[in-house]
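Structure at a glance
Here is how the chains run, residue by residue.
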Amino acid sequence: MQFCIIKNAQPYSYFIEKVAQTTLNKHKMKKDKIIYWAATGIIFLFDTVMPALTSHTELAKQGIAHLGYPDYFRIQLTVFKIIGGLLLVLPFVPSRYKEWAYVGFGISFISAFIGHWAVDGFNDGQTLFPLVIFGILTISYVYYHKLLQYDSASNKSKVLVAL
């Protein structure tokens, strides 16, 4: 009886472990996608859809005037929020544009916090609300990068299979 020894052969348990790890990664990726889209959806609703629908109201005009900003800033801010929100939710937008949209929203939320704090102090919930939304934006950003890592890993494996 002869035995054939194959160099660098992996034991059967190695392949079972790889299959289990792949399954675990798929479940983790699904969870990460849900968290990403939930956080991004909240940002889209609060900072794209709502301003698009309410920026022309008297309350919005009073809010901008209360903080000391000119009226044209309200229109400019609304246009940029709509563009930024679309950049975040449209899947075919290149990564670099999404990064700049995250930067723009981050600056907007921090500026809103500072503006409310300077004018109103910490007396009402409007002062801290931009920081809450900034936290949700941060979650969206972190999970966006996790999903990019999954994509780059799957692209590498596709290249290896093709070779």
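Just above sits the structure.
Residues numbered from 1 in each chain as written. Predicted model: local features only at pLDDT ≥ 70, side-chain atom pairs only at ≥ 80, totals over all residues. Heavy atoms only, no water.

A few words now on the packing of aromatic side chains. Enumeration according to the criterion identifies 10 aromatic pairs in this entry. Relative to F122, the ring of W117 lies with its centre 5.7 Å away and its plane at 40 degrees, an arrangement referred to as tilted. On the basis of relative accessible area, W117 is assigned to the partly exposed category, the value being 44%. (Phe/Tyr/Trp six-rings, centres within 6.5 Å; stacked < 30°, edge-to-face > 60°. Buried < 20%, exposed > 50% of the residue type's maximum accessible area, 1.4 Å probe, protein only.)

Turning our eyes to something else, we now look at the nonpolar core. If you look at the biggest cluster of nonpolar residues, it comprises 15 residues, and the most contacted ones within it are Y36, I43, L88, Y102, F109 and L137. Where this core is concerned, the elements lending two or more residues are helix 1 (12-54), helix 4 (95-120) and helix 5 (125-162). By residue number, the principal contributor to this core is helix 5, which donates 7 residues. Leaving out residues up to four positions away in the same chain, Y102 has contacts with Y36, T40, L88, L137, S140, Y141 and Y144. (Core = buried A, V, L, I, M, F, W, Y, C linked by side-chain atoms within 4.5 Å. Helix = DSSP H or I, 4+ residues; strand = E, 2+ residues; numbered from the N terminus. Contact = heavy atoms within 4.5 Å.)

What follows is about the pattern of salt bridges. One pass over the full model with this rule turns up 3 salt bridges. For K31, the salt bridge is made with D32, and the minimal N-O distance between the two is 3.7 Å. One salt bridge connects D71 with R74, and the closest N-O pair in it is separated by 2.9 Å. Taken as a pair, D71 and R74 lie in helix 3 (residues 71-89) at a separation of 3 residues, close to a single helical turn. Using a relative accessible area of 39% as the deciding quantity, one classes D71 as partly exposed. (Salt bridge = Lys/Arg side-chain N within 4 Å of Asp/Glu carboxyl O.)

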